[in-house]
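Take a look at the letters that make up each chain.
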Amino acid sequence: MSEKITGSEALMLALKNEGVKTIFGYPGGSIMPVYDALYDYTRGQKKVFDHILVRHEQAAAHAAEGYARVSGRVGVALVTSGPGATNTLTGVADAMLDSTPIVVIAGQVPITALGTDAFQEVDLVGLAQPIAKWSYQIRHAEDIAWAVSRAFYIARSGRPGPVVLDFPKNAQTALVEFKPQKVDFVRSYVAYPKLDEAAVRRAAELINQAKKPMALVGQGVELGHAQGELLKFLEKADIPAGRTMLGLSALPSTHPLNVGMLGMHGNYAPNLKEQECDVLIAIGMRFSDRVTGNTSTYAKQAKVIHLDIDPSEIDKNVKADVAVVADCKESLPAITALLQPADHTEWRESFVPLAAKEREKVIEPAIHPQEGPLLMGEVVNAVAEATQGDAVLVTDVGQNQLFATRYFKYPKNRSICTSGGLGTMGYGMPAAIGATFATDRTVCCFMGDGGFQMCIEELGTIMEQQAPVKMILMNNNYLGNVRQWQDMFWKRRKSFTRMMNPCYELIARGYNIPYEAVTEREHLAAAVQRMLDTKGPYILECAIREDDNVLPMTPPGMDVDNMMLEVSV
């Protein structure tokens, strides 16, 4: 018989068995036994984990997300009960909407105190259930090995997502004989649906008959590690492809079949051509309202083929003529094998005049302005050119996100980390911290003054870890995206969007983080290079024109072919 250990040490061994290397967390009373066990596993000969002490539990979840998105592995957050646990729930919801595999482990009062309104007791399983892929309470130490293995299997398999484990204190302190477990099957949970060969044939027939096919590439391609399969599919059938925001690095920016970003603030050509194509092939994307606009008029002329691993996405927003429910790493080559080599030169060339129109009216004025204050587009473009496509883009939410995703470059896989579905302000800085522990590539985090202040405490984490986050603060003294909508749709009534900002230089000095401010265009390139040449973290504050607007734009609820290239106010 093996020696008995505490449930807390059993958790350490279970995490070790799952290959965990990095944990983002914040200690507290109800998780203290686990942190005591963690002491030995983060130092000396017994060291297994790096523990990153965040300054707020929400940041632990977002850092785990950033780590997961860039590494392709499961991110881990460790927090205490009550507010420690509830503070992570925004990150859990964010991870659910963006299919990000994280496991949140939260302390809980002993099971004998459950239901008594004990200090820092909340029903975490009940709270998390609607917004997590799975939530479970580990009530007994004997269940630890099984529960942890099951949690990681569910988080990373099929369509990835967040799992929440509620860990009462009695299970943390009880003695148990630890026996490793490996869960690779859960009854009633079909992680990888069986490929329907008949659906594959119908999809191939529609594509072979198409005169104007168009592909919509989502993050599912990267989650399924199917970038190579995607290229073979697109190239054989000569299909132009638009990418969703989360799918931007699933197809290299410079590939000739890449026709730009889809969505409300995407590129002009792919948005208009969705309304003209005869076959629309959606690959690992969920037809978000930010992509489709008005669904009653969206792509009604096209036969729709939807490839997705999650059957719940089929017909949810857009009716599919053919649904291929499977891992796209399996479905794409199966369809490709039945395709006839095609040449759609005339169709592809019809995108060119629209792209040229956007280039003239929107892109060139945004990235190469001749006068006036700095613009967000030119700041993003300057950083993208200086990093030569080797950096990972992390964004906060708002105009900074929309400009950054539009004008950054994505030659490599897993190059973008942003909050898509939930649109979480304050996501950027902690996600960027997580990303730095997942890659040796430069991590560039674009933030507005609003989002920066929602996570400003994480400068403490960056200071302590010397996490090499290159923070580009695009300061326009407004909640810019809301201000833009107020100007465009609310008669310029700027209701509480003007920001009174602190002196960021003094804040940077307080955290001992190198800082520079740029107010003049001629100083931008050199400042960006100094940021990139500086080892460790850096804050580059850029003074942005206050009424800078993100264009093009499809007004909310409008048809995608009503995309505006200029503001008509």
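Only a predicted model underlies this, so the values are computations on that prediction, with no experimental measurement involved.

Undergrad: What is the right way to look at the overall build of the chain in this model?
TA: The number of helices and strands found in the chain is 24 helices and 20 strands. Relative to a compact globule of 569 residues, whose C-alpha radius of gyration would be 25 Å, the chain shows 24 Å and is just as compact. Projected onto its principal axes, the C-alpha positions of the chain cover 75 × 60 × 45 Å. Going through the 569 residues of the chain one by one, you find that 59% of them count as buried. Taking the intrachain contacts of the chain between residues at least 6 apart in sequence as the baseline, contacts between residues at least 24 apart amount to 77%. Counting every atom, the chain has about 22800 Å² of accessible surface; 51% of that belongs to carbon and sulfur. Of the side-chain charges in the chain, 55 are positive and 65 negative, and the distance between the mean point of each set is 2 Å.

Undergrad: Sorry if this is basic, but what is going on with the sheet that holds strand β7 (residues 162-168) here?
TA: Strand pairs in the sheet, formed through backbone hydrogen bonds, run parallel or antiparallel to each other. Pairing is parallel in the open sheet, where six strands are placed in the order β3-β2-β4-β5-β7-β6. Of all strands in the sheet, those bounded by a partner on one side alone are β3 (50-53) and β6 (134-137). For this sheet, the mean angle separating the axes of adjacent strands, direction not counted, is 20°. Relative to β7, β6 runs parallel, the two being bridged by four bridges. In the strand pairing of β7, Trp134 is matched with Val163.

Undergrad: I tried to follow the sheet that holds strand β14 (residues 322-325) on my own but got confused; where do I start?
TA: Sheet architecture is open: six strands sit in the order β11-β10-β9-β12-β13-β14, paired in parallel fashion. Edge strands, defined here as strands with exactly one partner in the open sheet, are β11 (258-261) and β14. The sheet shows a mean angle of 15° between the axes of neighbouring strands, direction not considered. Both strand β13 (residues 303-308) and β14 contribute to a ladder of four bridges, which runs parallel. Of the residues in β14, the one forming a bridge with His306 is Ala323. Its contacts with the sheet place helix α9 (residues 197-209) against β12 (279-283), β13 and β14, and it is angled at close to 130° to β14.

Undergrad: How should I be thinking about the pairing of β7 in this particular structure?
TA: β7 sits mainly inside the fold: seven of its seven residues count as buried. Here β7 shows a buried face lined by Pro162, Val164, Asp166 and Pro168 and a second buried face lined by Val163, Leu165 and Phe167. As paired elements, strand β5 (residues 102-108) and β7 share seven bridges and run parallel to each other. Looking across to β7, one finds that Val103 is bridged to Val163. For the segment spanning β6, helix α7 (residues 144-156) and β7, crossover handedness is right-handed.

Undergrad: Whenever I open this one, the pattern of salt bridges confuses me. Can you help?
TA: Where charged atoms of side chains with opposite charge meet at close range, the side chains can pair. Counted under the stated rule, the structure contains 23 salt bridges. Among the ionic pairs, Arg69 bridges to Asp98, the shortest N-O distance being 3.8 Å. On the criterion of sequence distance, the pair formed by Arg69 in helix α3 (residues 57-71) and Asp98 in the loop between α5 (89-97) and β5 is long-range, its members being 29 residues apart. You'll find Arg69 and Asp98 in the same group, each marked buried. The shortest N-O distance in the salt bridge between Arg498 and Glu546 comes to 2.8 Å. Of this pair, Arg498 sits in the loop between α22 (480-489) and α23 (504-510) while Glu546 sits in the segment after β20 (538-543), and the two are 48 residues apart along the sequence. Since its relative accessible area comes to 47%, Arg498 is described here as partly exposed. Under the relative-accessibility criterion, Glu546 is labelled partly exposed at 30%. One network of salt bridges, with partners in common, ties together Arg159, Asp310, Glu313 and Lys316.

Undergrad: Even after reading the chapter, I still don't get the nonpolar core, so can you show me in this structure?
TA: Taken as a class, soluble globular proteins show a tendency for nonpolar side chains to be buried jointly. Grouped together as the largest cluster of nonpolar side chains are 67 residues, with contacts concentrated most on Leu280, Phe287, Tyr298, Phe408, Phe446 and Ile472. The leading source of residues in this core is helix α17 (residues 376-387), at six residues. For Tyr298, the contacting residues outside a window of four places in its chain are Leu216, Glu274, Gln275, Leu280, Phe287, Val291, Thr292, Val318 and Val560. Of all hydrophobic cores here, the second largest spans 48 residues; its members include Ala132, Val164, Cys455 and Ile539.

Conventions adopted
- Residues numbered from 1 in each chain as written.
- Predicted model: local features only at pLDDT ≥ 70, side-chain atom pairs only at ≥ 80, totals over all residues.
- Heavy atoms only, no water.
- Helix = DSSP H or I, 4+ residues; strand = E, 2+ residues; numbered from the N terminus.
- Rg over C-alpha atoms; globule rule 2.2 N^0.38 Å.
- Buried < 20%, exposed > 50% of the residue type's maximum accessible area, 1.4 Å probe, protein only.
- Contact = heavy atoms within 4.5 Å.
- Areas by Shrake-Rupley, 256 points an atom, 1.4 Å probe, with all protein chains shown as cover.
- Lys, Arg positive; Asp, Glu negative; His and termini not counted.
- Charge placed at Lys NZ, Arg CZ, Asp CG, Glu CD.
- Pairing = 2+ DSSP bridges.
- Axes fitted to C-alpha atoms, helices over the stretch in contact; angles between N-to-C directions.
- Right-handed = clockwise from strand over helix to strand, strands pointing away.
- Salt bridge = Lys/Arg side-chain N within 4 Å of Asp/Glu carboxyl O.
- Core = buried A, V, L, I, M, F, W, Y, C linked by side-chain atoms within 4.5 Å.

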